[in-house]
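So the chains spell out like this:
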Amino acid sequence: MATFNKFDAFVEHLAEKVHNLGSDQLVVALTNSAPIASNTVLANLTEISYTNLSSRNITTSTSSQTSGTYKLVLTDLVLTASGEVGPFRYVEIYNDTPTSPADPLIGWYDYGSSISLAAGETLTIDFDGTNGLLSIA
């Protein structure tokens, strides 16, 4: 699995109560253009067409803290193509719930090379079930 990278603004958005990671709807965005850590919202990205792709909504497994360390664990997401999808190289995660700012970015994965899916093919985004998408100590 590719390494998770956070967008810089995510830290500020946490401090300013933009995110409620336990209940907000997180979503995957796919791009073939490299994200920049200073991007702040989904509108900063050039997304691919999702016409032939299944739901990109992410399910939160747990959002909790233990001994002062918070961990966000997400359920693996399987994207299924019903026709040609891609190419894309980057998988970004954003929060679809807030309206100000709208669709704030959280982080991204770089798969190292472009991926295309044909009809019937799937891509499993394997979120770390042990360490979570992120932890805050």
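Keep in mind the model is a prediction, meaning the values are calculated, not measured.

By the definition in use, this model includes one salt bridge. Ionic pairing is found between D110 and R89, a salt bridge with its closest N-O pair at 2.7 Å. On the criterion of sequence distance, the pair formed by D110 in strand β7 (residues 105–117) and R89 in strand β6 (residues 85–95) is long-range, its members being 21 residues apart. Looking at D110, the relative accessible area reads 28%, which means it is partly exposed.

The three strands lie next to each other as β3-β4-β9, forming an open sheet whose pairing is antiparallel. Both edges of this open sheet fall to β3 (60–66) and β9 (134–136), since each of them pairs with a single strand only. Averaged over neighbouring strand pairs, the angle between their axes works out to 10 degrees when direction is ignored. The pairing of β3 with strand β4 (residues 69–74) spans six bridges and is classified as antiparallel. In the strand pairing of β4, S63 is matched with L72.

Nonpolar side chains tend to gather and get buried jointly when the protein is soluble and globular. Residues L30, F88 and F127 are the most contacted members of the largest nonpolar core, which totals 38 residues. Broken down by secondary-structure element, the contributors of at least two residues to this core are β2 (26–31), β4, β5 (77–80), β6, β7 and β8 (122–125). Setting aside residues up to four positions removed in sequence, L30 forms contacts with T46, E47, I48, Y50, L53, L79, F88, Y90, V91 and E92.

Here we take up the side chain of H13. One can find H13 in helix α1 (residues 9–15). Its relative accessible area of 9% is what places H13 among the buried residues. With near-sequence residues (within four places) excluded, H13 lies in contact with V18, H19, T40, P101 and P104.

Turning next to the sheet that holds β2. Strand pairing in a sheet relies on backbone hydrogen bonds. The paired strands run either parallel or antiparallel. The strand order β1-β7-β6-β2 describes an open sheet built from four strands, whose pairing is antiparallel. Each end of this open sheet is capped by a strand with a single partner; those strands are β1 (4–6) and β2. If you compare each strand with its neighbour and ignore which way they point, the axes differ by 30 degrees on average. Of the pairings in the sheet, the one linking β2 to β6 comprises six bridges and is antiparallel in character. Counted as the bridge partner of A29 is E92 from β6.

Rules used throughout
- Residues numbered from 1 in each chain as written.
- Predicted model: local features only at pLDDT ≥ 70, side-chain atom pairs only at ≥ 80, totals over all residues.
- Heavy atoms only, no water.
- Salt bridge = Lys/Arg side-chain N within 4 Å of Asp/Glu carboxyl O.
- Helix = DSSP H or I, 4+ residues; strand = E, 2+ residues; numbered from the N terminus.
- Buried < 20%, exposed > 50% of the residue type's maximum accessible area, 1.4 Å probe, protein only.
- Pairing = 2+ DSSP bridges.
- Axes fitted to C-alpha atoms, helices over the stretch in contact; angles between N-to-C directions.
- Core = buried A, V, L, I, M, F, W, Y, C linked by side-chain atoms within 4.5 Å.
- Contact = heavy atoms within 4.5 Å.

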